[in-house]
Amino acid sequence: MLANLLKNKSTLLSIGPVSKNCVDATIEISDKHNLTLTLIASRNQIDNLNFDGGYVNNWHTASFAKYVRKKCKNKKIYLARDHGGPWQNNLEVQKKMSLKDAMLSAKDSLKTDIDAGFNFIHLDPSIDIHQTLDQKNVIKRLFDLIAFCNDYSKKKNKKIFYEVGTEEQSGSTVDFKQFEQNIKIIFDFCDKNNFDRPVFIVAQTGTKVMEMKNIGAFDSPLRFQKELPVEIQVPKIIEICNRNNILLKEHNADYLSIPSLKWHTKLGIHSVNVAPEFGVVESKAFVEILLNNNLNKLCEEFLKLSYNSKKWKKWMLKNSNSTDFEKAIIAGHYIFSTAEFIEIKNIALKKITNLDHILKQKIKECIYKYLYAFNSI
């Protein structure tokens, strides 16, 4: 399957399902162009019922999968889990779960993914809220998750493709020797235990999203001190991946310029994730539509609700000079499923009956930017 996806030498786009409109836009583009796309959900976006589902459309894992499969006519939407691992759901962090409990919780989430028929699972044990992790412990936890998913998927007769990561995205330079060594260690473990090898590996490619921009080296005209230039670093990473028969997955491709996006396919980057940008596009569009229809008070209510959610905090740079308006836009998609926002939107729909159509069109424009740059269309 993966060979067919890559035969056109394009970079595969994985879209974070940040809202129902984003999901619908993705499906409609896939159906219109008979195009393979992936919806890759973080655990905070979509999770099982033990976590009340997530912040997107009040879906839980099974209902999300059912909705996508029913709505997608050409059946070319793949479902994927992003950052499946301990403390990757905010509730596990808030409860200050122990390692044992966080791993059990993560496995319960992964079990639900497999039951729901997810095609790709990203296994990411790079977070620990109690201590600083070294590579040895990260790999040990990764092995535990690989073993669990392989055993359970075989028991359920499900074919799963795996993506692995051993560090958080920082936008920094890769230690090439350690990177290749990790691949060999992971492959040796899988081969020894007759487990399926991962098909994707996450690496630092100079991308990192903060606020409403990409602050990594990939899109910067300046050299980053003590870091290799992207044009040297990325080809070396891809060379290592190709030599070891594993595909490179880049996270945090949001907000990159079109020339930088076009370089992804030229360099041979196999796949990328994009998520928060689509949420920001929808929030900006919602505000613009309200103001254009003289619904200023309703707009103020939305911005206040969004700002007060504090969901923008994780995206702020140190000593940020972002305005309250910008913070509200960053946090907007996190509140789309709240009762308060739904009330605001229902009032807007009485005057703007095609509201969701307009919002989807804005999201589609953003998705198309990536698809054309990646030579997918």
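To start, this report covers the structure provided alongside it. This structure is a prediction, so every number in the text was calculated from the model and none was measured.

## Quick notes on the overall build of the protein chain
Summing up its helical and strand segments, the protein chain has 14 helices and 10 strands in all. If one aligns the C-alpha atoms of the protein chain with their principal axes, the spans along those axes are about 65 × 45 × 45 Å. Counting the 377 residues in the protein chain, one finds 56% classified as buried. Taking contacts inside the protein chain between residues at least 6 apart in sequence as the whole, the part at least 24 apart equals 74%. Looking at the protein chain as shown, the accessible area adds up to about 17400 Å², and 50% of this sits on carbon and sulfur atoms. Positive and negative side-chain charges of the protein chain, numbering 55 and 42 respectively, have mean locations separated by a distance of 3 Å.

## Concerning helix 5 (residues 99–115)
Between the first and last C-alpha of helix 5 there are 24 Å, a value that for 17 residues agrees with the 24 Å anticipated at 1.5 Å per step. Restricting attention to buried positions, one finds in helix 5 the residues Ala102, Met103, Ser105, Ala106, Lys107, Ser109, Leu110, Asp113 and Ile114. The secondary structure elements touched by the buried residues of helix 5 are helix 3 (61–71), strand 3 (77–84), helix 4 (90–94), strand 4 (120–123) and helix 6 (135–155). Once helix 5 finishes, Gly117 follows within two positions and takes phi at roughly 85 degrees, a positive value.

## Focus: the nonpolar core
The biggest cluster of nonpolar side chains holds 107 residues, and the ones touching the most others in it are Leu13 and Phe278. Top element by residues in this core is helix 14 (residues 355–373). It accounts for 9 residues. In this view, Leu13 contacts Leu37, Thr38, Val272, Val274, Ile367, Tyr370, Leu371 and Phe374; residues no more than four positions away in its chain are not counted. Ranked by size, the runner-up nonpolar core spans 9 residues in total, among them Tyr78, Ala80, Phe161 and Phe200.

## Here we look at the sheet that holds strand 6 (residues 200–202)
Pairing is parallel around the closed barrel formed by 8 strands, whose spatial order is 1-2-3-4-5-6-9-10. When the angles between neighbouring strand axes are averaged without regard to direction, this sheet yields 25 degrees. Strand direction decides the pairing type here: strand 2 (residues 37–41) and strand 3, joined by 5 bridges, are parallel. Within the sheet, the bridge partner assigned to Ala41 lies in strand 3 and is Arg81. Against the sheet, helix 14 contacts strand 1 (12–15), strand 2 and strand 10 (271–274), and its axis sits at roughly 160 degrees relative to strand 1.

Rules used in this analysis
Residues numbered from 1 in each chain as written. Predicted model: local features only at pLDDT ≥ 70, side-chain atom pairs only at ≥ 80, totals over all residues. Heavy atoms only, no water. Helix = DSSP H or I, 4+ residues; strand = E, 2+ residues; numbered from the N terminus. Buried < 20%, exposed > 50% of the residue type's maximum accessible area, 1.4 Å probe, protein only. Contact = heavy atoms within 4.5 Å. Areas by Shrake-Rupley, 256 points an atom, 1.4 Å probe, with all protein chains shown as cover. Lys, Arg positive; Asp, Glu negative; His and termini not counted. Charge placed at Lys NZ, Arg CZ, Asp CG, Glu CD. Expected span 1.5 Å × (residues − 1). Core = buried A, V, L, I, M, F, W, Y, C linked by side-chain atoms within 4.5 Å. Pairing = 2+ DSSP bridges. Axes fitted to C-alpha atoms, helices over the stretch in contact; angles between N-to-C directions.

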